[in-house]
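# Understanding the architecture of this molecule
Letter by letter, the chains look like this.
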Amino acid sequence: MVWKEDSFQTQNAKDTRRVLVAPSALLVENGLHGQWQTFVKKDQKLPCTCSREVKTTTDQPTIPLRIFVGNSTAPDDRKYLDNVGFLGITGFDVEHSTSVELTVMVDEYGVMTMSAIETKTGKTLSIGASHQKKVTRKIFEPTYKTLR
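All figures in this text were calculated on a predicted structure; none of them were measured in a lab. (Residues numbered from 1 in each chain as written. Predicted model: local features only at pLDDT ≥ 70, side-chain atom pairs only at ≥ 80, totals over all residues. Heavy atoms only, no water.)

### Here we look at the overall build of the chain
Check the secondary structure of the chain and you find one helix and 11 strands. Along the chain, helices (α) and strands (β) appear in the sequence α-β-β-β-β-β-β-β-β-β-β-β when read from the amino end. Out of the 148 residues belonging to the chain, those deemed buried represent 35%. Of all intrachain contacts in the chain linking residues separated by at least 6 positions in sequence, the fraction that spans at least 24 positions is 62%. (Helix = DSSP H or I, 4+ residues; strand = E, 2+ residues; numbered from the N terminus. Buried < 20%, exposed > 50% of the residue type's maximum accessible area, 1.4 Å probe, protein only. Contact = heavy atoms within 4.5 Å.)

Spelled out as structure tokens, the structure:
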């Protein structure tokens, strides 16, 4: 008896591939307003980049942020990672809030890089007393997911 390859199974195997994904969501809280923004969703394909607008309050030269990972909607169930403070906003004014574009990149190794640019002036903001231009930190171990 001659074995014949099942064309349906062969086609399904060709259509299946494994990709690296984020095992949990990456969330950022604006320390002044308590507003949460999701930058990376659970199961999002890696590497990925996401930018969001963050607004300051009036007369605010810094942006304090808190970084968390987790899959829960309850803030107490999320894992706290770090505080980040972007300094050097020069375009602020005492009567209006300032917009900053916050960009988060996560590579295929689970390393996050975060940077911020003041929207009005185009200036890259620095972080803390060391005046770095970006934050880099390992946030999770990526997992594989089978996609069709």
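Structure's up, so let's keep going.
### Overview of the pairing of strand β5 (residues 62–70)
Alignment of strand β2 (residues 25–30) against β5, held across six bridges, turns out to be antiparallel. Across the sheet, residue Ala25 finds its bridge partner in β5, namely Gly70. Here β5 pairs with strand β6 (residues 79–87) via eight bridges, running antiparallel. Paired with Leu65 across the bridge in β6 is Val84. (Pairing = 2+ DSSP bridges.)

### Observations regarding the pattern of salt bridges
Scanning the entire structure with this criterion turns up four salt bridges. Glu29 serves as the salt-bridge partner of Arg66, at 2.6 Å between the closest nitrogen and oxygen. Note that Arg66 is positioned in strand β5 and Glu29 in strand β2, a separation of 37 residues in sequence. Since its relative accessible area comes to 11%, Glu29 is described here as buried. (Salt bridge = Lys/Arg side-chain N within 4 Å of Asp/Glu carboxyl O.)

### Some words on the sheet that holds strand β3 (residues 35–40)
Taken in spatial order, the five strands make up an open sheet running β3-β2-β5-β6-β9, and their pairing is antiparallel. Each edge of the open sheet carries a strand with a single partner, namely β3 and β9 (126–127).

### What to know about unusual backbone geometry
The step from Leu46 to Pro47 runs through a cis peptide bond, and the omega angle for that step is 0 degrees. Unlike most non-glycine residues, Asp43 shows phi in positive territory, near 70 degrees. The residue Asp43 is located in the loop between β3 and β4 (48–55) in this model.

### Some words on the nonpolar core
Counting residues in each nonpolar core, the largest one holds 30 residues, and the members touching the most others are Leu26, Phe86, Leu102, Val106, Met112, Met114 and Ile139. Elements represented by at least two residues in this core include exactly β2, β3, β4, β5, β6, β7 (99–106) and β8 (111–118). Beyond its immediate stretch of four places on either side in the chain, Leu102 contacts Val28, Phe39, Cys50, Ser51, Arg52, Val54, Leu65, Phe86, Met114, Ser115 and Ala116. (Core = buried A, V, L, I, M, F, W, Y, C linked by side-chain atoms within 4.5 Å.)

### Some points on the environment of Ile139
Of note, Ile139 is situated in the loop between β10 (135–138) and β11 (143–147). Taking the C-alpha atoms as reference points, Ile139 and Tyr109, separated by 30 residues in sequence, lie 9.2 Å from one another. When residues no more than four places from it in sequence are discounted, the contact partners of Ile139 are Leu26, Val69, Leu81, Val106, Gly110 and Met112.

### Thoughts on the side chain of Thr113
By the element assignment, Thr113 lies in strand β8. In contact with Thr113, not counting residues within four places along its chain, are Thr103, Val104, Met105, Lys134, Val135 and Thr136.

### So, the packing of aromatic side chains
Note on aromatic pairs: each is described by the distance of the centres and the angle between the planes. Within the structure shown, the criterion is met by two aromatic pairs. These aromatic residues form a ring-pair network of at least three members: Trp36, Phe68 and Tyr80. Cation over ring: Arg18 sits above Tyr144, and NZ or CZ is 4.5 Å from the ring centre. The side chain of Arg52 reaches across the aromatic face of Phe39, ending 5.7 Å from its centre. (Phe/Tyr/Trp six-rings, centres within 6.5 Å; stacked < 30°, edge-to-face > 60°. Lys NZ or Arg CZ within 6 Å of the ring centre and 35° of its normal.)

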